[in-house]
Amino acid sequence: MAYLGPKNKIKIKSSKPNEFIYYDDGTSFNGSYLQTSKGEYYEGDDISSPGRVLIPSQNNRRKFNLLALLKTLLAIAASIALILQVLEELKSIMTDLAELAEIENMIEELLNIPDGESLSEQNLSNLNNSLNQFPTENFPVSNNIVVHDGVYNNIKTNIYNRLNTNQSPISTKILPSEQDYINGSYIRYFAKKVNSLNYYIEIDKTTYNSIKKREKTFDVNLYIVSKIKWDLSISAREININNLNRYKKPFPYIELLFNDPIEYAPVGRANLYAEAGELYYIDGTPYIGEYHIHPTKGPMVGAIHKAEPHDDLYYSYELGQSIEELQINVVQEETQTGLHRTIGFYKFYIKENKLGLYVEVMDETEAEDGIINTIHISKIYNRNTPILNILNTAQETLGL
């Protein structure tokens, strides 16, 4: 039997519903388990004879990632809106009533802070005391887990043989077809290792379907898969950047895989004209006039590209805040920003950067199947513009 570490550092615990699954076949586990000092988990309560290897369920990994993020946000005294966003996400996945109560206490603590005020030392102390009620261990999931004698004897031969013959997904880039260019977009598929923050590969549809359906070809416990609608129009840079923003919440560092927002899109365009509220200089000064779109640099001053230096131009959402901040910058409805209207499958988000307010409209027709698509970004409005006026203008633009 393999050495698990000092006995005084091995903990015997009881699992909560949907907390763990078996590593070998992905079925649910509920009962007593052993936790080693290395963050490994085994079935049973006998240190001398551990059972099968356990790994946290996907929901549990998500919970602990959010708790780790929350701990970091409190350490840097991040904005109240940002911390609330993470707490609401945690609340939506909590199944333990005691843990849910702690999350609600933290939300109430933040909501009681007067408008315009920041976190006080007492606020931070109270929030950290609540956070300390949660276990803090991480859940490493290795694709090279050592199967010791006790585990081996408990694994059925056919399961063990299947695990030994699992393939690894092959990185595959699928080029858009001529019909895809006519349609203006196509679907790209990708896989992420559950034990890594930034390991992504692009895959084909067959591999995606196999892992999604938990077939035997690949190790379905080691990978999660998703897909993204990739724009191929002349607005590809703008639309793909915003689509990726939406995916960065469930898939951190997804931009490392899709690092070129105009990949496969038509080459640059010339002789364009920017209206008010469409493009800006780097310092936030509005730009009105002729511009062109460079294939790699994006919008630039002038009707055509020239050898002599000329300024870059920026869309409104590229200025004022980082992509991460824009993604979660949703404030409550009683102020000037937030989700204010849903019409059919369209969700209207009022967002804000240093230039003012703008509308981002999402088509969530296929959101349940993993596709999130930005279909419209409005011009910039003055912060004093009534929300209703902004939303009505966005609706008229879409013909809704």
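Our subject is the structure listed above.
What comes next concerns the included structure. Since we're looking at a predicted model, the values are computed, not measured.

### Re the pattern of salt bridges
Taken as a whole and judged by the stated rule, the model has 7 salt bridges. The salt bridge partner of Arg-188 is Glu-202, with a shortest N-O separation of 2.9 Å. You can see Arg-188 sitting in strand S7 (residues 185-193) and its partner Glu-202 sitting in strand S8 (residues 200-203), a full 14 residues away along the chain. No difference in accessibility class separates Arg-188 from Glu-202, as the two residues are buried. One salt bridge connects Lys-248 with Glu-255, and the closest N-O pair in it is separated by 3.9 Å.

### Observations regarding the packing of helix H2 (residues 80-93) against helix H3 (residues 97-111)
Where H2 contacts H3, the axes come no closer than 10 Å and their chain directions differ by 155°. The pairing of H2 with H3 is recorded here as roughly antiparallel in orientation. Of the two possible hands of crossing, H2 and H3 adopt the one that is left-handed. Contacts between H2 and H3 pair Ile-80, Ile-83, Leu-84, Leu-87, Glu-88, Leu-90 and Lys-91 from the former with Leu-100, Ile-103, Glu-104, Met-106, Ile-107, Leu-110 and Leu-111 from the latter. Taken together, the residues of the contact of H2 with H3 break down into 11 nonpolar, no polar and 3 charged.

### What to know about the packing of helix H1 (residues 58-75) against H2
Across the interface, H1 lies against H2 with an axial gap of 10 Å and an inter-helix angle of 160°. On the basis of the axis angle, H1 is roughly antiparallel to H2. Between H1 and H2 the crossing geometry is left-handed. Contacts between H1 and H2 involve Asn-59, Arg-62, Lys-63, Leu-66, Leu-67, Leu-69, Leu-70, Leu-73 and Leu-74 from the former and Leu-82, Ile-83, Val-86, Leu-87, Glu-89, Leu-90 and Ile-93 from the latter. By residue class, the composition of the contact of H1 with H2 is 12 nonpolar, 1 polar and 3 charged.

### So, the pairing of S7
Of all 9 residues making up S7, 8 are buried, and the element is well covered by its neighbours. Here 9 bridges tie S7 to strand S9 (residues 223-231), and the two strands are oriented antiparallel to one another. Across the sheet, residue Ala-191 finds its bridge partner in S9, namely Val-225. Here 4 bridges tie S7 to S8, and the two strands are oriented antiparallel to one another. Across the sheet, the residue bridging to Ala-191 is Ile-201, located in S8.

### Topic: H3
Relative to the 21 Å expected for 15 residues at 1.5 Å per residue, H3 spans 21 Å between its end C-alpha atoms, a close match to the ideal helical length. Along H3, the residues classified as buried are Glu-99, Glu-102, Ile-103, Met-106, Ile-107 and Leu-110. The buried residues of H3 occupy one face: seen down the axis, they fall within an arc of 140°. Exposed residues pointing more than 90 degrees away from the buried face of H3 are listed as Leu-97, Ala-98 and Leu-111. In the core, the buried residues of H3 are packed alongside H1, H2 and helix H4 (121-131).

Definitions and limits used
- Residues numbered from 1 in each chain as written.
- Predicted model: local features only at pLDDT ≥ 70, side-chain atom pairs only at ≥ 80, totals over all residues.
- Heavy atoms only, no water.
- Salt bridge = Lys/Arg side-chain N within 4 Å of Asp/Glu carboxyl O.
- Helix = DSSP H or I, 4+ residues; strand = E, 2+ residues; numbered from the N terminus.
- Buried < 20%, exposed > 50% of the residue type's maximum accessible area, 1.4 Å probe, protein only.
- Axes fitted to C-alpha atoms, helices over the stretch in contact; angles between N-to-C directions.
- Parallel < 35°, antiparallel > 145°, perpendicular 65-115°, else oblique.
- Left-handed = near helix turned anticlockwise from the far one by under 90°.
- Contact = heavy atoms within 4.5 Å.
- Nonpolar A, V, L, I, M, F, W, Y, C, P; charged D, E, K, R; others polar.
- Pairing = 2+ DSSP bridges.
- Expected span 1.5 Å × (residues − 1).
- Arc of directions from axis to C-beta.

That's the geometry; what it means functionally is another story.
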